[in-house]
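Structural description and commentary
One-letter residues, chain by chain:
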Amino acid sequence: MIKYRLYMEFCKKALFCLILTASLLLSCKNASDTQNTAQNSTLKKITDNKNSEIQWTQELEKGRLSQKINRNDYIINSIKITPEVLIALDAGKNYTGVYPEIKGFASLDIRDIDTDALYLIDSFFVSFINGRDCDKYMEKDSLYSLALFSFDLEELNIKPSSCRYLVGKAIVADNSLAIPVRLYNNTDFVDTNVYLKEIQFSQGKDKKEDLSKKSAYEIIDLEIFNHKYLSNREE
């Protein structure tokens, strides 16, 4: 009987301890949850305040990124539009060319020069550089201009035989065509405006003779407007 009473007393104490422990654990959990909730509430408030202070820009082209592009006026519907297809489409367009420009000389865009005028320039300077007869490219009353041009080059100590040439963008002035040409070598250059006059074909029996010429232009003047030849020489 005594053992039974002792056993019952032990059970009561054990049950009491168990209940007390459970109560303490539950109390701690509630306190932790309350603390986390308070902390989360504080962070949310801070975030909301920060967002309210930000001045957002107005949204442009709303829905642009989510828009499905599945049509192009230049591509049939059966072709799937991909970046490669758009690049290929763009490559087929006509664009204005970009041409270099030499400071102090001219642009190298010679698209507007008449083919006959360009042929005359090429023929003249190829002959001039190679020491051939150039009188045939000159107007008869302007042969003195060729002589003066040759003399000026000699004074500048520039030998045409050591030069190359390039042609610049043409200028139309006073019913004549001025084409800038640069003669240059490794160290020096001479820039010259070559003035051309279009040949007016005569009527009658002389017309056939005039038409036999390879160019519809003649050179009427050669004017040096820029040069560099003393930079590496001592006077």
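Please read these numbers as outputs of a predicted model, since none were measured by experiment.

**A word on the nonpolar core**
In terms of nonpolar packing, the biggest core is built from 29 residues, with F124, I179, L196 and I219 touching the most fellow members. Ignoring any residue separated from it by four or fewer positions in sequence, one finds I179 in contact with I113, A117, I121, V167, G168, A170, T192, N193, V194 and L196.

**Quick notes on the pattern of salt bridges**
Taken as a whole and judged by the stated rule, the model has four salt bridges. For D112, the salt bridge goes to K169, with nearest N and O atoms at 3.3 Å. Separated by 57 residues along the polypeptide, D112 in the loop between β2 (106–107) and α3 (115–129) and K169 in the loop between β3 (164–167) and β4 (171–173) bring together distant segments of the chain. The exposure class of D112 is exposed, given its relative accessible area of 64%. For D191, the salt bridge is made with R182, and the minimal N-O distance between the two is 2.6 Å. Since its relative accessible area comes to 0%, D191 is described here as buried. Judged by its relative accessible area of 10%, R182 falls in the buried class.

**Side note on the side chain of S107**
Mapped onto the secondary structure, S107 falls in strand β2. Polar side-chain contacts of S107 include one of 3.2 Å to the backbone nitrogen of D109. When near neighbours in sequence (up to four residues on either side) are disregarded, S107 contacts Y99, P100, E101, G168 and K169.

**What about the packing of aromatic side chains?**
Taken as a whole and assessed by the stated rule, the structure comprises five aromatic pairs. Both rings, one in F124 and one in F125, keep their centres 5.0 Å apart while their planes meet at 90°; by these two values the pair is edge-to-face. For F124, a relative accessible area of 0% corresponds to the buried category. Ring geometry for F124 against Y137: centres 6.3 Å apart, planes inclined by 85°, an arrangement best described as edge-to-face.

**Remarks on unusual backbone geometry**
Of note, N157 is a non-glycine position whose phi angle comes to about 60°, a positive value. Take N157: its relative accessible area is 48%, and that puts it in the partly exposed class.

**Things to note about the environment of G168**
Relative to the assigned elements, G168 resides in the loop between β3 and β4. Not counting chain neighbours up to four residues away, the residues in contact with G168 comprise F105, A106, S107, I110, I113, I179 and P180.

Rules and cut-offs
Residues numbered from 1 in each chain as written. Predicted model: local features only at pLDDT ≥ 70, side-chain atom pairs only at ≥ 80, totals over all residues. Heavy atoms only, no water. Core = buried A, V, L, I, M, F, W, Y, C linked by side-chain atoms within 4.5 Å. Buried < 20%, exposed > 50% of the residue type's maximum accessible area, 1.4 Å probe, protein only. Contact = heavy atoms within 4.5 Å. Salt bridge = Lys/Arg side-chain N within 4 Å of Asp/Glu carboxyl O. Helix = DSSP H or I, 4+ residues; strand = E, 2+ residues; numbered from the N terminus. Polar contact = N/O pair within 3.5 Å; in protein donor to acceptor, adjacent residues only side chain to side chain. Phe/Tyr/Trp six-rings, centres within 6.5 Å; stacked < 30°, edge-to-face > 60°.

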